[in-house]
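# Per-entry structural report
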Amino acid sequence: FGFRFLRRCDVPSAFWEIPDSEAVEAAYGAFLAHPERAYAAPNPMPQVEASWSIPASIGRKYWLRFASPSRRIGGMAYAAVHEPDDGEARATLVFGHGIGVENDLWRETVDSVLLLVRDGIRVIEITGPWHGLRAQRGRYGGEPFFATAPLGVLDLFTAEVPEMAVL
């Protein structure tokens, strides 16, 4: 009931493109014999570029980018890195977000996770496929996950898991 006001708004629906079973089979059928290969770390690893670091409220911050190893998603993958001031971390946490959640909307959660930086933990915030700089024009963050299911679900996870392996 909290969203009933949307009935009076001009909110666009998702752009639905549900694939047929033949399209899903063509894209992912080869993984049925060895499903673990769909989520394998890339070999070779893509080259990772890092920006300059800047002082942050806790430690320092910089950004990473690299070519996504996903043959279906492609493009660049991005992540923000939060480190202790000296750059030395005793552990690293890769922090992922939910579907349809943009970085601007998860400050409170990330800010509490960043408290780990005080304890010497590096926190890497990955930007998932179809979110942030990776969003598709005319679609909301994460929309293809739902709007092209089941293909979008497989596309997202078979892209993001290997991208996390790169990090």
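Above this text you will find the structure in question.
An account of the accompanying structure is given in this report. (Residues numbered from 1 in each chain as written. Predicted model: local features only at pLDDT ≥ 70, side-chain atom pairs only at ≥ 80, totals over all residues. Heavy atoms only, no water.)

### What about the nonpolar core?
Residues Ile58, Phe95, Val113, Leu114, Val117 and Val123 constitute the largest nonpolar core, which totals 6 residues. Not counting residues within four places of it along the chain, the set of residues in contact with valine 113 comprises Leu93, Phe95 and Val123. In this structure, Leu64, Ala79, Val81 and Ile124 belong to the second largest nonpolar core, which totals 5 residues. (Core = buried A, V, L, I, M, F, W, Y, C linked by side-chain atoms within 4.5 Å. Buried < 20%, exposed > 50% of the residue type's maximum accessible area, 1.4 Å probe, protein only. Contact = heavy atoms within 4.5 Å.)

### Some points on the environment of tyrosine 28
With respect to the helices and strands, the residue tyrosine 28 is situated in helix α1 (residues 21-28). In the structure, tyrosine 28 is positioned 127 residues away from aspartate 155 in sequence and 9.2 Å away in space, judged by C-alpha atoms. The residues contacting tyrosine 28, other than those within four sequence positions of it, are Arg72, Leu151, Leu154, Asp155 and Thr158. In this structure the side chain of tyrosine 28 is engaged in a polar contact, spanning 3.0 Å, whose partner is the side chain of threonine 158. (Helix = DSSP H or I, 4+ residues; strand = E, 2+ residues; numbered from the N terminus. Polar contact = N/O pair within 3.5 Å; in protein donor to acceptor, adjacent residues only side chain to side chain.)

### Section: the environment of valine 94
Counting through the fold element by element, valine 94 comes out in strand β5 (residues 91-95). Put simply, valine 94 and isoleucine 124 are 30 residues apart on the chain and 4.7 Å apart in space, counted from C-alpha to C-alpha. Here valine 94 is in contact with Ile124, Ile126, Met164 and Leu167, once residues within four sequence places are set aside.

### Section: a nonpolar patch on the surface
Residues Trp16, Ile18, Ile99, Tyr140 and Phe146 make up a contiguous nonpolar surface patch of about 530 Å² in total accessible area. Within the secondary structure layout, isoleucine 18 lies in the segment before α1. (Patch = residues over 30% accessible without salt bridge, like charges linked within 9 Å, V, L, I, M, F, W, Y side chains within 5 Å. Areas by Shrake-Rupley, 256 points an atom, 1.4 Å probe, with all protein chains shown as cover. Salt bridge = Lys/Arg side-chain N within 4 Å of Asp/Glu carboxyl O.)

### A few points about the side chain of glutamate 143
For glutamate 143, the location among the structural elements is in helix α4 (residues 143-147). A polar contact is formed between the side chain of glutamate 143 and the backbone nitrogen of phenylalanine 15, at a distance of 2.5 Å.

### Things to note about unusual backbone geometry
Residue proline 44 is reached from asparagine 43 by a cis peptide bond, and omega for that bond is 10 degrees. Within the secondary structure, proline 44 is located in the loop between α1 and β1 (49-50). Omega for the peptide link from alanine 149 to proline 150 comes to 5 degrees, which places this bond in the cis form. Examined against the element boundaries, proline 150 turns out to sit in the loop between α4 and α5 (151-166).

### So, the packing of aromatic side chains
The tally for this structure, following the rule as stated, stands at 3 aromatic pairs. Centroid distance tyrosine 28 to phenylalanine 31: 6.0 Å. Interplanar angle 35 degrees. Geometry classified as tilted. The class for tyrosine 28 is buried, based on a relative accessible area of 8%. These aromatic residues form a ring-pair network of at least three members: Phe145, Phe146 and Phe157. (Phe/Tyr/Trp six-rings, centres within 6.5 Å; stacked < 30°, edge-to-face > 60°.)

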